[in-house]
Amino acid sequence: MGRGVLDLGSGARGRLMGDQEESGRPRRPGEKAPKQKSSQPAPRPPRQGPTNEAQMAAAAALARLEQKQSRAWGPTSQDSIRNQVRKELQAEATVSGSPEAPGTNVVSEPREEGSAHLAVPGVYFTCPLTGATLRKDQRDARIKEAILSHFSTDPVAASIMKIHTFNKDRDRVKLGVDTIAKYLDNIHLHPEEEKYRKIKLQNKVFQERINCLEGTHEFFEAIGFQKVLLPIQDQEDPEEFYVLSETTLAQPQSLERHKEQLLAAEPVRAKLDRQRRVFQPSPLASQFELPGDFFNLTAEEIKREQRLRSDAVERLSVLRTKAMREKEEQRGLRKYTYTLLRVRLPDGCLLQGTFYARERLGAVYGFVREALQSDWLPFELLASGGQKLLEDENLALNECGLVPSALLTFSWDMAVLEDIKAAGVEPDAILKPELLSAIEKLS
């Protein structure tokens, strides 16, 4: 018996039929009156299957029960949620019949780094201080090493980088930096007053706002302060102070310059390596074998997923339209930090690069423009399905559905191209020669 048909069993059906005959219900036109029961037990009627009406009623009841249970519970884990979303996307891709419909780029399960068929070996970064290429798990430690090594050449700049980079609480950093700036402003405005040239290290404000930050002591010493033990009136033991040297006091412009550098500085962050590659035309352009770096979440991202989990289960328990599911997908259920993009050029060649999922479309246009021989010619980028991606739109890549990978199509601005051809000039080769010389075969 197929799913959704309720099998009542012969005994239950017999009792049910007997109960109906004894219930005293009105007879239908032409229906004979029921016979009186004899004293002898009647022979058990032969087993009969449920009528069509009974089967339909049972199936409807079972369907309502299953639907109610599904709404009440929904997926109970993040994995089941993702599996359900994946099944829905695959089903929609099958219906559309197009492997390159929007949001249906062929992305295989993440593979281990070093696999021969990975589209990119991993996510890498460039240290802005040394130019070294760093793995994802190396970037913080290697940047700290580079900052510390910078003390030997420029201690002021190194201490400023340490303050902004080693301390993760940005609010606390701002409070400390503003307090240091206030100290330096007082010296600049009142150079003749000795009290402003001394900073008591055990002062409550200094302890709460400055002493707690890494790099602040190195900064004071680098700009000309010296630690000195000074006597305190009505106190037996001396206390430690930072005292500005006479040499530095004679150059007030240097203090002002260092203060501006401190206020304007930002944390030193590794720059995402685009890992630009150029491939020959290939039918595999829309297939991506991505490493685990594109899927692994940071500790902060995991906490965010946990906060969204209860809300996600509640949302999935409600009957939603396809548009609602897609909108929710963007907001919480399928978060990626990085995305791998390929741009198919008019000659079929493929330009590939790695981006943050939150980067704007303008970053992709800039990446493509840097690779063009005629970088002054206007062009357009189209998503799968022909959707035009406008450079001046302030949209992130994940908001456009271009995660964790996507294949885009490059197109020259046709009006400009026609004007060039009308002038009897042929456009140059699309990509720069140095990129074409390193073209690879996509496998």
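Under an unreviewed UniProt entry, the name given to the protein chain is UBX domain-containing protein 6, and the organism recorded is Macaca mulatta.

A. Examining the overall build of the protein chain more closely. Helix and strand counts for the protein chain come out as 15 helices and 14 strands. Per-residue burial for the protein chain yields a buried fraction of 35% across its 443 residues. In the protein chain, once contacts between residues fewer than 6 apart in sequence are set aside, the share between residues at least 24 apart is 71%. Counting every atom, the protein chain has about 27,200 Å² of accessible surface; 51% of that belongs to carbon and sulfur.

B. Just the sheet that holds strand 6 (residues 239-244), in detail. In space, the 3 strands of this open sheet follow the order 4-6-5, with antiparallel pairing throughout. What marks the edges here is a single partner per strand, and that holds for strand 4 (198-200) and strand 5 (225-230). For this sheet the average axis-to-axis angle between neighbouring strands, irrespective of direction, equals 35°. As paired strands, strand 5 and strand 6 are joined by 6 bridges and run antiparallel to one another. Residue pairing for strand 6: lysine 227 is matched across the bridge by tyrosine 242.

C. Molecular detail of the pairing of strand 6. Inspection of the sheet shows strand 4 paired to strand 6 by 3 bridges, in the antiparallel sense. Residue pairing in the sheet places lysine 198 in a bridge with valine 243 of strand 6.

D. Fine view of helix 14 (residues 414-422). For helix 14, the capping residue at the N-terminal end is aspartate 413, with a side-chain oxygen 3.2 Å from the backbone nitrogen of alanine 415. Residue glycine 424 follows helix 14 closely and has a positive phi angle near 80°.

E. Structural detail: the sheet that holds strand 7 (residues 271-272). Spatial strand order, 3-2-7: 3 strands in an open sheet with antiparallel pairing. Each having just a single partner strand, strand 3 (133-135) and strand 7 make up the two edges of the open sheet. As judged from the 3 bridges shared by strand 2 (residues 124-126) and strand 3, these two strands associate in the antiparallel manner. Across the sheet, the residue bridging to threonine 126 is threonine 133, located in strand 3.

F. Summary view of the side chain of threonine 248. On the secondary structure map, threonine 248 appears in helix 9 (residues 246-249). Residue threonine 248 is classed as buried on the basis of its relative accessible area, which comes to 11%. At 2.9 Å, the side chain of threonine 248 and the side chain of serine 245 are in polar contact.

Procedures and definitions
- Residues numbered from 1 in each chain as written.
- Predicted model: local features only at pLDDT ≥ 70, side-chain atom pairs only at ≥ 80, totals over all residues.
- Heavy atoms only, no water.
- Helix = DSSP H or I, 4+ residues; strand = E, 2+ residues; numbered from the N terminus.
- Buried < 20%, exposed > 50% of the residue type's maximum accessible area, 1.4 Å probe, protein only.
- Contact = heavy atoms within 4.5 Å.
- Areas by Shrake-Rupley, 256 points an atom, 1.4 Å probe, with all protein chains shown as cover.
- Pairing = 2+ DSSP bridges.
- Axes fitted to C-alpha atoms, helices over the stretch in contact; angles between N-to-C directions.
- Polar contact = N/O pair within 3.5 Å; in protein donor to acceptor, adjacent residues only side chain to side chain.

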